[in-house]
Amino acid sequence: MARRTIVKIGDDILRKRSKEVTVFDRSLGVLLDDMKETMLHADGVGLAAPQVGIPKRAVVISPDGKQFYEFVNPVIINSSGKQLCREGCLSVPGVSGEVERPQYVEVLAFDRHGNRFDLKAEGFLANICCHEFDHLDGILFVDKMIKGR
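Sequence order sets the numbering: in each chain, residues are counted from 1 along the sequence as written. Restriction of local features to residues with pLDDT of at least 70 applies here, the model being predicted, together with a cutoff of 80 or more for giving and counting side-chain atom pairs; totals for whole chains, interfaces and linings are based on all residues. Based on all heavy atoms of the structure, the side-chain values leave hydrogens and waters out of the count.

Even after reading the chapter, I still don't get the sheet that holds strand β6 (residues 104–110), so can you show me in this structure?
By way of backbone hydrogen bonds, the strands of a sheet pair with one another, either parallel or antiparallel. DSSP bridges decide pairing: two strands pair if at least two such bridges lie between them. Think of it this way: any DSSP run of H or I at least four residues long counts as a helix, any run of E at least two long counts as a strand, and we number them from the N terminus. Strand order across the open sheet formed by five strands is β1-β2-β3-β6-β7, with antiparallel pairing between neighbours. Edge positions in the sheet fall to β1 (46–48) and β7 (116–122), since each of these pairs with one other strand and no more. Between one strand axis and the next, the sheet turns by 40 degrees as a mean value, whatever way the strands run. When β1 meets strand β2 (residues 58–61), the two strands line up antiparallel, connected through three bridges. Counted as the bridge partner of Ala48 is Val59 from β2. Contacts are assigned to residue pairs that have any heavy atoms within 4.5 Å of one another. Note on method: axes are straight lines fitted to C-alpha atoms, helices fitted across the in-contact stretch only, with angles between N-to-C directions ranging 0 to 180 degrees. Where helix α1 (residues 26–41) meets the sheet, its contacts fall on β1, β2 and β3 (69–80), and the angle it forms with β2 comes to roughly 40 degrees.

Printed below as a string of structure tokens:
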């Protein structure tokens, strides 16, 4: 595993829609492992591939630094409720603010081996999923921020 450089706001890659992953091979596994290491080293709870300069639809999440989730080509297929979340972003250092997100999401995705799975998430995990999946469509939390600093 290797740490990668986190791309910062202003880099065009953060504003582009990422491409679907079509090949589930060793290089995808290396990318996901590198993203985990990069996220943990930066004290983050989630990281999307565009944030390390790779325009692919891949995300890693760890709400507590112990349990890890990997999503390839994720899609939110159901959501409900509302929560106001205080967010920051590794690609937007020094900025935080409140964003309205769903309280509950159901996600359909693939793992690193191409196996399809679904995940039901609520609260903090649902918030992280929404934040990271937005990165795959070129959306940053500052675009949705209600109030912040």
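Let us keep going from here.
What is the right way to read the pairing of β7 from this model?
Side-chain positions along a regular strand alternate between the two faces of the sheet. Sheet analysis places β6 next to β7, joined by seven bridges and oriented antiparallel. Along β7, the bridge assignment pairs Tyr104 with Glu122. Where β6 folds back on β7, the antiparallel hairpin that results is connected by five residues, among which Gly114 adopts a positive phi of roughly 90 degrees.

Please explain the packing of aromatic side chains as it appears in this structure.
Think of a pair of aromatic rings as described by two things: how far the centres are apart, and how the planes are tilted against each other in angle. Centre distance within 6.5 Å is the pairing criterion for rings of Phe, Tyr and Trp, where only the six-membered ring of Trp is used; planes under 30 degrees apart are then read as stacked, over 60 as edge-to-face, and the remainder as tilted. Within this structure, the stated rule accounts for four aromatic pairs. Taken together, a centroid distance of 6.3 Å and an interplanar angle of 20 degrees make the contact between Tyr69 and Phe71 stacked. The buried category is assigned to Tyr69, whose relative accessible area is 16%. Look at Phe71 and Phe133: their rings are 5.2 Å apart centre to centre, the planes differ by 75 degrees, and that puts the pair in the edge-to-face class. Within this pair, whereas Phe71 is found in strand β3, its partner Phe133 is found in helix α2 (residues 124–135), the two being separated by 62 residues in sequence. Each residue is assigned to one of three classes by its accessible area relative to the maximum for its type, calculated with a 1.4 Å probe on protein chains only: buried under 20%, partly exposed between the two thresholds, exposed over 50%.

Before we go on, may I ask you to explain α2 in this structure?
In an α-helix there are 3.6 residues to a turn, and that puts residues three or four apart on one side. For a helix, the expected span equals 1.5 Å multiplied by the number of residues minus one. With twelve residues, α2 extends 17 Å between its outermost C-alpha atoms, agreeing within 8% with the 16 Å of an ideal straight helix rising 1.5 Å per residue. Taken together, the buried positions of α2 are occupied by Leu125, Ala126, Asn127, Ile128, Cys129, Cys130, His131, Glu132, Phe133, Asp134 and His135.

Can you walk me through the nonpolar core in this structure?
Grouped burial of nonpolar side chains is what soluble globular proteins tend to show. Here, the term nonpolar core denotes a set of buried Ala, Val, Leu, Ile, Met, Phe, Trp, Tyr and Cys residues that are joined through side-chain atoms within 4.5 Å. One finds Val59, Ile61, Phe71, Val105, Leu125 and Cys129 to be the most contacted residues of the largest nonpolar core, which totals 17 residues. For this core, the elements supplying multiple residues, two or more each, are β2, β3, β6, β7 and α2. For this core, the leading source of residues is α2, giving six residues. Every residue in contact with Cys129, bar those within four places of it in the chain, is listed here: Ile61, Phe71 and Val105. Within the second largest apolar cluster, twelve residues are counted, among which are Met39, Leu47, Val52 and Ala58.

What exactly am I supposed to notice about unusual backbone geometry here?
Most peptide bonds are trans, and most residues other than glycine sit at a negative phi. One non-glycine residue with positive phi stands out, namely Asp43, at about 60 degrees. Tracing the chain through its elements places Asp43 in the loop between α1 and β1. Overall, the relative accessible area of 71% leaves Asp43 in the exposed class. A positive phi is found at Asn73, a non-glycine position, where the angle reads about 55 degrees. Turning to its location among the elements, Asn73 is positioned in strand β3.

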